[in-house]
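Spelled out from the first residue to the last, the chains are:
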Amino acid sequence: MGAQYCWVMVVILGLLLQARLLNSQNPTCNPKDWTALRDFMGNLTTRLEGWTTTSSTDCCDWEGITCDPLSFGRVIKLELSKRRLSGKLSGSLAGLDHLKILNLSHNLLGKYLPQSLFYMPNLEILDLSDNEFFGPIPEGIKLPSIQILEISWNYLNGSLPSHMCVNSTRLWFLGLAENYFSGTILPGLGTCSSLEQLSLSMNELTGGITEDIFQLQNLILLGLQGNYFGGKLSPGTANLSNLVRLDISSNQFSGEIPDVFSHLKNFQFLVAHSNRFSGRIPSSLTNSPTISSLNLRNNSLEGSIDINCSAMVALHSLDMGSNRFTGAVLDNLPSCRKLKNINLSQNNLSGQIPESFKEFQGLSYLALSNSSLQNLSSALNILQQCRNLTTLVLTLNFPDETLPLLDLSWNNLTGTIPQWFGSYRDLFYLDLSKNSFTGEIPKSLTELPSLIHGNISLEEPSLDFPPFMRRNEYGKRMQYNQIWSFPSTLFLYQNFLSGPIWPEFGNLKSLHVLDLKFNNLSGPIPGTLSGMTSLENLDLSHNHLSGTIPSSQQRLSFLSKFNVAYNQLYGRIPSRGQFSTLPKSSFEGNNLCGADLFIPCQDTTSEDGPKSPTRSGRNKDPIIGLDVGIIFGVAYFIGLTVSIVLSLKYIVVLK
């Protein structure tokens with residue numbers, strides 16, 4: 001009897017398992033879920049592909065829906081991010097009482113947040129970020145399963161809920177950034193004991209940081225930037241023992257930075273720029289073995305910048321710009337082996353770039369502008385040894401120093417050519433060739449006094465620092481032992497420069513070499529270039545220049561090389577002056593003629609190019625008019641004569 005009973009139970013369990021298996025292979029939409037989704041769809045103003053109000057369809061097959069076969073087809077995921085959904089978010093979604101993930105981020109949904117969504121028992125992830133919701137967050141949040149709550153990048157306002165974790169103890173990510181929340185942070189967030197990431201940035205929050213936030217010992221990331229927090233930074237920061245990143249930038253914190261960071265064993269990023277901090281840098285920061293990025297820019301910190309590179313083995317980026325630091329640039333910075341980016345601009349530093357920077361092989365970005373540095377030639381000699389340096393900012397330094405020569409060729413420099421190059425009165429040799437500069441040629445280069453008047457006051461460099469220049473595309477160098485051996489030169493070739501050739505270049509009467517080849521320059525060749533009376537070499541080839549070659553260029557009596565090949569020029573090539581000695585290759589790749597180099601020019605073609613149709617038409621109009629007048633006059637005379645003869649004949653017959 002007992003054996004028979006066991007067999008019956010086995011059969012029943014088998015049938016139940018088979019039914020469960022069949023059901024798992026074909027989950028169907030639960031009627032309650034279907035009703036909730038239908039109401040959700042009815043409040044949208046955009047259509048969802050594949051969704052329908054027909055009750056015979058299975059919502060488990062709809063895009064963005066995931067059903068759980070083990071719970072008889074209940075909807076557990078609704079994921080419709082980046083679908084440009086618009087309209088109102090229906091509170092009917094709370095009817096999806098098995099829902100675990102609701103992600104409607106990066107859409108255009110608006111109006112108030114439905115309070116019912118904050119009472120869903122199984123919801124683990126709620127992401128409504130980057131929409132157009134406004135109004136306050138509903139009070140009395142009860143999401144016992146919630147782990148991630150992300151509603152950043154909306155238009156929400158009002159005060160922050162103070163006890164949102166009382167019934168949501170599993171919450172580890174809370175994102176409320178870039179909204180319009182205001183007021184102070186009320187006590188209560190300290191109950192979020194599982195919280196690891198808290199982002200309240202870019203709101204309108206005021207006051208200080210509530211002390212119970214410093215009870216969150218699991219906190220890894222704390223983002224408070226872009227608010228109106230003020231007062232002193234609490235020493236309670238030391239209690240955030242697992243903190244990795246702290247961003248309190250763009251607030252109104254003041255006073256000294258507490259010296260508590262030695263308690264944070266995993267701390268890597270401190271972003272505290274644009275506050276009102278004063279005093280010295282705490283030693284727990286300048287001796288931290290874990291900090292990777294230290295950004296204290298735009299405060300009122302003072303004293304020396306005492307970075308202990310032997311301890312700061314992880315330091316990658318150091319930004320101390322716009323403070324009141326004094327002293328010299330630290331010569332031990334190259335011993336920070338991972339340090340790549342340094343900004344010490346706008347401080348009260350002095351002295352020179354340390355010789356030790358020659359060994360700074362990892363340095364990529366260096367900004368020391370407005371720091372009263374001296375000895376420009378030494379700085380450039382040292383920094384050229386930094387093989388990985390891509391950005392160098394030294395503006396507003398080196399007072400009363402001259403810069404006669406500047407060679408930055410054969411690099412990977414990008415962006416526009418700085419206007420301030422034109423502020424160096426003695427600069428007569430500038431080589432920016434073989435880079436990736438874009439934009440127009442700065443007009444300030446046409447105002448260089450040394451290239452206009454030729455009056456330069458120079459001291460020869462020492463023999464252990466002989467200048468050199470590159471002569472060809474292979475980088476072969478020709479050494480010059482005296483600065484005066486250099487011809488006055490502007491090398492801007494092989495970049496991506498665009499725009500016109502400024503007519504003001506004609507003011508550079510002392511310029512010997514102007515090389516602009518292989519760029520994207522356009523427009524005409526200015527006739528005023530003939531004002532560069534000392535010019536020996538003018539290369540404008542491989543651009544997009546148009547129009548004719550101005551005949552005024554024939555007045556450049558010292559010109560030995562002139563190249564305009566591969567542009568969009570037309571018309572007659574000037575034949576007088578130095579042009580009679582130039583090779584055919586200087587003009588090829590255009591629509592030019594004459595000078596015994598190309599096809600002969602037509603009679604209507606002058607050195608200023610072919611005559612325009614309008615002008616030709618004006619010249620021919622009187623001739624055409626005269627011809628037509630003669631024809632009509634002759635015809636009229638013949639007609640009149642014939643008429644008279646016939647009349648006479650008719651009279652004779654009558655007689």
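Provided above is the structure to which this section pertains.
So, here is what we can say about the structure in this document. (Residues numbered from 1 in each chain as written. Predicted model: local features only at pLDDT ≥ 70, side-chain atom pairs only at ≥ 80, totals over all residues. Heavy atoms only, no water.)

### Some details on the state of the cysteines
Piece 1. If you walk through the whole model with that rule in mind, you get 5 disulfides.
Piece 2. In this model, Cys309 is linked to Cys336 through a disulfide, with the two sulfur atoms separated by 1.8 Å. On the sign convention where negative means left-handed, the S-S torsion of about -85 degrees between Cys309 and Cys336 marks this disulfide as left-handed. Separated by 27 residues along the polypeptide, Cys309 in the loop between strand E21 (300–303) and strand E22 (317–319) and Cys336 in the loop between strand E23 (324–328) and strand E24 (341–343) bring together distant segments of the chain. (Disulfide = S-S within 2.5 Å. Helix = DSSP H or I, 4+ residues; strand = E, 2+ residues; numbered from the N terminus.)

### Some points on the sheet that holds strand E28 (residues 405–407)
Piece 1. Strands sit in the order E28-E30-E34-E36-E38-E40 across an open sheet of 6 strands; the sheet is parallel. Both outer strands of the open sheet, E28 and strand E40 (561–563), are each paired with one neighbouring strand and no more. Across this sheet, the average inter-strand angle for adjacent strands is 10 degrees, counted without regard to direction.
Piece 2. Looking at chain direction, strand E36 (residues 513–515) and strand E38 (residues 537–539) are connected through 3 bridges and run parallel. (Pairing = 2+ DSSP bridges. Axes fitted to C-alpha atoms, helices over the stretch in contact; angles between N-to-C directions.)

### Some details on the sheet that holds strand E31 (residues 436–439)
Piece 1. A sheet is described by the order of its strands in space; here 7 strands give the open sequence E29-E31-E35-E37-E39-E41-E42, paired in parallel fashion. Edge positions in the open sheet fall to strand E29 (414–416) and strand E42 (591–593), since each of these has one partner strand only. Between one strand axis and the next, the sheet turns through 20 degrees on average, direction left out of account.
Piece 2. Bridging between strand E41 (residues 568–572) and E42 involves 3 bridges; their strand directions are parallel. Looking at E42, one finds that Tyr570 is bridged to Asn591.

### A look at a nonpolar patch on the surface
Piece 1. Judged by side-chain polarity, Tyr112, Phe134, Tyr155 and Tyr180 come together as a nonpolar surface patch covering roughly 450 Å² of accessible area.
Piece 2. Mapped onto the elements, Tyr155 comes out in strand E9 (residues 155–158). (Patch = residues over 30% accessible without salt bridge, like charges linked within 9 Å, V, L, I, M, F, W, Y side chains within 5 Å. Areas by Shrake-Rupley, 256 points an atom, 1.4 Å probe, with all protein chains shown as cover. Salt bridge = Lys/Arg side-chain N within 4 Å of Asp/Glu carboxyl O.)

### Some remarks on the side chain of Ser378
Piece 1. Residue position: Ser378 is located in helix H4 (residues 376–383).
Piece 2. By relative accessible area, Ser378 is classed as buried at 16%.
Piece 3. Non-local contacts of Ser378, meaning those with residues more than four positions away in its chain, are made with Gln352 and Glu355. (Buried < 20%, exposed > 50% of the residue type's maximum accessible area, 1.4 Å probe, protein only. Contact = heavy atoms within 4.5 Å.)

### What about the environment of Trp51?
Piece 1. Mapped onto the fold, Trp51 is located in the loop between helix H2 (31–42) and strand E1 (65–68).
Piece 2. Between the C-alpha atoms of Trp51 and Asp61, which are 10 residues apart in sequence, the distance is 8.9 Å.

### Observations concerning the pairing of E1
Piece 1. Here E1 shows one buried face, formed by Ile65 and Cys67, and one open face, formed by Thr66 and Asp68.
Piece 2. Pairing of E1 with strand E2 (residues 74–79), which is carried by 4 bridges, proceeds in the antiparallel orientation. Its bridge partner being in E2, Asp68 is matched across the sheet by Arg74.
Piece 3. Once E1 ends, the chain turns through 5 residues before running back antiparallel as E2, passing Phe72 with a positive phi of about 60 degrees.

### Quick notes on the pattern of salt bridges
Piece 1. All chains considered together, the criterion is met by 14 salt bridges.
Piece 2. Close ionic contact of Arg74 with Asp97 constitutes a salt bridge, the shortest N to O distance being 2.5 Å. Here Asp97 lies in the loop between strand E3 (86–88) and strand E4 (101–103) and Arg74 lies in strand E2, a separation of 23 residues in the sequence.
Piece 3. On the basis of relative accessibility, which here comes to 10%, the residue Arg74 falls in the buried class.
Piece 4. Notably, a salt bridge pairs Asp319 with Arg297, separated by 2.8 Å at the nearest N-O pair. One end of the pair, Asp319, is in strand E22; the other, Arg297, is in the loop between strand E20 (293–295) and E21, and 22 residues separate them in sequence.
Piece 5. The class of Asp319 is buried, set by a relative accessible area of 12%.
Piece 6. The partly exposed category is assigned to Arg297, whose relative accessible area is 26%.
Piece 7. Beyond isolated ion pairs, a larger network of salt bridges with shared partners links Lys32, Asp33, Arg74 and Asp97.

### A closer look at the side chain of Ser288
Piece 1. Among the secondary structure elements, Ser288 is positioned in the loop between helix H3 (283–286) and E20.
Piece 2. A relative accessible area of 5% places Ser288 in the buried class.
Piece 3. Among the polar contacts listed, one links the side chain of Ser288 to the backbone nitrogen of Thr290, at a separation of 3.3 Å.
Piece 4. Here Ile291 takes part through its backbone nitrogen, which lies 3.3 Å from a polar atom of the side chain of Ser288.
Piece 5. Look past the residues within four positions of Ser288 in its chain and what remains in contact with it is Ala311 and Met312. (Polar contact = N/O pair within 3.5 Å; in protein donor to acceptor, adjacent residues only side chain to side chain.)

### Quick notes on the nonpolar core
Piece 1. Counting 162 residues, the largest nonpolar core has Leu37, Trp51, Leu93, Ile307, Leu333, Phe357 and Phe505 as its most contacted members.
Piece 2. Counting residues per element, the ones that place at least two in this core are H2, E1, E2, H4, E28, strand E30 (429–431), strand E34 (489–491) and E36.
Piece 3. At 5 residues, the largest contribution of residues to this core is made by H2.
Piece 4. Trp51 has contacts with Leu37, Phe40, Met41, Trp62, Glu63, Ile65, Leu78 and Leu80, leaving out every residue within four places of it along the chain. (Core = buried A, V, L, I, M, F, W, Y, C linked by side-chain atoms within 4.5 Å.)

### Topic: the packing of aromatic side chains
Piece 1. The final tally for this structure, using the stated rule, is 15 aromatic pairs.
Piece 2. An angle of 65 degrees between the planes, with centres 5.0 Å apart, marks the rings of Tyr112 and Phe134 as edge-to-face. Here the residue Tyr112 occupies a position in the loop between strand E5 (108–111) and strand E6 (125–127), and Phe134 occupies one in strand E7 (residues 132–135), the gap between them amounting to 22 residues.
Piece 3. Tyr112 gets classed as exposed once you look at its relative accessible area, which sits at 52%.
Piece 4. Summarising the aromatic geometry, the rings of Phe261 and Phe267 are spaced 5.4 Å apart at their centres and angled 20 degrees between planes, so their arrangement reads as stacked.
Piece 5. Among the residues examined, Phe267 registers a relative accessible area of 1% and is labelled buried.
Piece 6. Taking the ring centre of Trp502 as reference, the NZ or CZ of Lys443 above it sits at 4.7 Å. (Phe/Tyr/Trp six-rings, centres within 6.5 Å; stacked < 30°, edge-to-face > 60°. Lys NZ or Arg CZ within 6 Å of the ring centre and 35° of its normal.)

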